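Letter by letter, the chains look like this.
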Amino acid sequence: MLSEVCRSVRGGRGDFKVTMSIAFAVMGPRPARQCADRGRTRSSVPPTHPTAFWARPIGIALSYVQRFKNGCTVGRMNPRIYLLALGTFTVGTEGYVIAGVLPDVAHDLHSTVSVCGQMVTVFAVVYALAGPPLIGLFRNVRPKRLLIWAALGFAAANLAAAASPDVVALAGARVLAALGAALFAAPAAAAAAALCPPEELPRAIAVTAGGNAIALTLGAPIGTIVGAAFGWRAAFGFVTALALITAVAVWVWLPEVPTSTASTAGRLNLLRQTPIRWGLLTTLGLFLAAYTVYTYLSPVVHRATGLGSDGVAALMIVFGAGGFLAGRLIGRVLARHPLATVLRTALLLITLLLAVLTLMTYVHVPAVSRVVSFPLLFAVGAAWWSGGISQQTRLAGLAPQQRSQALGLHFSAQFLGVAIGGAVGGLALSAAGEGAVPVVGGVIALATVLSVRHVLPGARNDEAPAGERAPSGDSACV
């Protein structure tokens with residue numbers, strides 16, 4: 001392909017050789033395991049040669065492909081971790097996009113919005129209950145193969161959802177999607193930990209989890225636009241395409257990652273460890289507080305600001321943008337500050353911000369509330385995502401030899417919080433109105449601060465930056 005391009009540009013074999021000599025000089029020598037673009041041999045071909053215009057971009061592109069293939073890092077971050085972020089982006093997009101097409105789904109399947117809305121609950125409950133057993137069942141499967149088949153299964157489930165003739169079939173497809181998501185998320189986070197040095201663990205997990213934040217910011221709106229333009233079935237088709245792209249990308253570029261050697265007894269012992277139980281309680285409380293409010297954000301925001309559906313959609317994008325920014329920065333924060341301090345700060349900040357939202361619903365000054373609501377939701381998203389990524393780092397550090405199992409328990413607690421949060425928020429809304437929803441969420445967040453104990457093995461380690469405490473475990477660079 002490159003030879004055809006170069007020959008078509010200059011029309012001669014000699015010029016092609018000159019072009020490629022410049023290209024590979026830019027690219028540098030091909031290393032076996034690490035980057036080697038320092039001290040590369042420069043071509044003797046003058047930079048003013050006519051083919052240099054084409055050769056240099058080709059050489060630069062080839063160098064980046066080679067660096068990605070060999071796992072070379074920029075600032076010690078293995079670029080192949082971004083493949084795993086693509087997977088979490090896909091899973092997150094599917095989870096968020098259904099909310100935007102619920103009215104169309106209900107109309108087409110001759111049901112109600114409230115009944116179709118239970119598809120979110122079905123997904124969350126199945127994920128919470130089936131995640132750890134599934135990960136244990138497939139413990140001997142190589143992580144790369146497991147991630148590929150999980151992505152393919154997720155694609156098949158969304159294809160089935162797109163073809164669902166009724167609500168029962170759609171519920172079945174959501175069950176299959178939850179199983180695929182459970183088999184992807186925790187092993188992906190564990191693989192990200194295995195692809196980085198110990199001191200980069202918080203940043204690696206932040207990158208992987210950041211895919212979910214991007215899904216909320218970009219994936220869900222794009223999927224909703226696709227659904228509005230071509231029908232709700234096309235939205236699930238969009239997710240199917242993302243899942244297939246993820247499977248192919250993992251197959252082509254992700255290296256083999258060591259399989260966990262933990263025994264069945266060892267996995268069962270995780271829940272017997274006090275630090276693990278405290279960690280799971282924090283995860284449950286964090287997502288219970290967040291989803292108590294997020295599930296009913298539309299009526300709460302409408303009451304406080306008077307904004308309609310377009311305004312609420314804009315606020316959700318801003319909320320996701322806050323999470324995305326937090327995902328970009330939290331790795332550096334955890335490298336410099338104690339993990340326990342970061343978690344307590346995030347939970348207290350959520351409590352304070354939800355108190356402001358409560359005040360806005362009761363005082364009801366729409367003009368002021370509309371101005372305040374955007375930075376407020378941005379900050380809530382940032383605090384929530386900081387807490388979630390900190391929790392993944394916490395549990396990965398507590399079980400370095402059983403990261404997939406520990407993170408599987410984390411995601412189960414997370415989705416259990418999602419499912420219960422919807423019910424708790426609904427009860428608060430029906431019993432006391434919109435203002436009660438952020439009150440309940442804030443109380444839960446404040447109470448969750450008490451669970452930030454035994455953050456990492458050894459009480460003295462709780463007050464050291466996460467990057468200095470990450471145990472080596474299975475996190476050696478691959």
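Residue numbers run consecutively from 1 along every chain, following the written order of its sequence. Confidence filtering applies because this is a predicted model: local features only for residues at pLDDT of at least 70, side-chain atom pairs given and counted only at 80 or more, and all residues used for totals across whole chains, interfaces and linings. No hydrogens and no water enter the side-chain calculation; it runs on all heavy atoms of the structure.

> Mind laying out the overall build of the protein, listing which residues take part and the relevant values?
A count of helical and extended segments in the protein gives 18 helices and 0 strands. To sort residues, take the accessible area from a 1.4 Å probe on protein chains only and compare it with the maximum for the residue type: under 20% means buried, over 50% means exposed, and anything in between is partly exposed. Counting across all 478 residues of the protein, residues that qualify as buried make up 54%. Note on definitions: a residue-residue contact is assigned when non-hydrogen atoms from the two residues lie within 4.5 Å. Expressed as a percentage of contacts within the protein between residues at least 6 apart in sequence, the contacts between residues at least 24 apart total 84%. For helices the rule is a DSSP run of H or I covering at least 4 residues; for strands it is a run of E covering at least 2, with both sets numbered from the N terminus onward.

> Go over helix α14 (residues 339–363), please, and point to the residues and values.
The end-to-end C-alpha distance of α14 is 36 Å, a good match for the 36 Å that 25 residues give at a rise of 1.5 Å each. A positive backbone phi angle near 55° is found at His-364, which sits one or two residues after α14. Given the number of residues in a helix, its expected span is that number minus one, multiplied by 1.5 Å.

> Describe in detail the side chain of Thr-358, supporting the description with residues and values.
Relative to the helices and strands, Thr-358 is located in helix α14. Assessed through its relative accessible area of 11%, Thr-358 is described here as buried. By the criterion applied in these results, polar contacts are pairs of N or O atoms within 3.5 Å in which, for protein atoms, one can donate a hydrogen and the other can accept it, and in which residues neighboring in sequence qualify only through two side-chain atoms. Of the polar contacts made by the side chain of Thr-358, one reaches the backbone oxygen of Leu-354; its length is 2.8 Å.

> Before we move on, can you summarise the environment of Ile-350 with the specific residues and values?
When you line up the elements, Ile-350 lands in helix α14. When the C-alpha positions of Ile-350 and Leu-286 are compared, they lie 9.3 Å apart, and in sequence the two are 64 residues distant.

> Help me get a handle on the nonpolar core, residues and values and all.
Note that soluble globular proteins tend to have their nonpolar side chains buried in a common cluster. Ranked by size, the top nonpolar core spans 127 residues in total, and within it Leu-84, Tyr-96, Tyr-127, Leu-147, Phe-319, Trp-384 and Trp-385 carry the most contacts. If one sorts the elements of this core by residue count, helix α7 (residues 167–194) sits on top with 19 residues. Apart from the residues within four sequence positions on either side, Tyr-96 is in contact with Asn-212, Ala-215, Leu-216, Ala-220, Tyr-291, Tyr-294 and Trp-385. Throughout this description, the term nonpolar core refers to a set of buried Ala, Val, Leu, Ile, Met, Phe, Trp, Tyr and Cys residues connected via side-chain atoms within 4.5 Å.

> Which residues make up empty space enclosed by the protein, and what values do they have?
With a 1 Å grid laid over protein atoms only, a set of points is called a cavity when a 1.4 Å probe fits there but cannot get out and a pocket when it is open yet has protein on both sides within 12 Å along at least five of seven lines; lining residues have an atom within 4 Å of a point. Grid points are joined across faces, edges and corners, and a volume is the space filled by probe spheres set on the points. Considering all chains together, one arrives at 5 cavities of 30 Å³ or more under this definition. Space inside the second largest cavity adds up to approximately 110 Å³. Taken together, Ala-289, Ala-290, Val-293, Tyr-294, Leu-297, Phe-319, Ile-350, Leu-354, Leu-357, Leu-377, Val-380 and Trp-384 form the lining of the second largest cavity. Looking at the lining of the second largest cavity, the elements with two or more residues in it are α11 (274–294), α14 and α15 (366–398). By residue number, the principal contributor to the lining of the second largest cavity is α11, which donates 4 residues.

> I'd love a proper account of the packing of helix α12 (residues 297–305) against α15, names of residues and values included.
In helix packing, the relevant descriptors are the interaxial angle and the interaxial distance, both defined with respect to the helix axes. It is the contact of α12 with α15, at a shortest axis distance of 8 Å, that shows an interaxial angle of 140°. It follows that α12 is oblique to α15 by the angle criterion. Residues Leu-297, Ala-304 and Thr-305 of α12 form the contact with α15, whose participating residues are Pro-366, Ser-369, Arg-370, Ser-373 and Leu-377. A breakdown of the residues in the contact of α12 with α15 according to their chemical character gives 4 nonpolar, 3 polar and 1 charged. In this analysis, axes come from line fits to C-alpha atoms, helices being fitted only over the stretch in contact, and the angle between any two N-to-C directions falls in the range 0 to 180 degrees. Working definition: roughly parallel below 35 degrees, roughly antiparallel above 145 degrees, roughly perpendicular at 65 to 115 degrees, and oblique for all remaining angles. Classification used: nonpolar for Ala, Val, Leu, Ile, Met, Phe, Trp, Tyr, Cys and Pro, charged for Asp, Glu, Lys and Arg, polar for all others including Gly.

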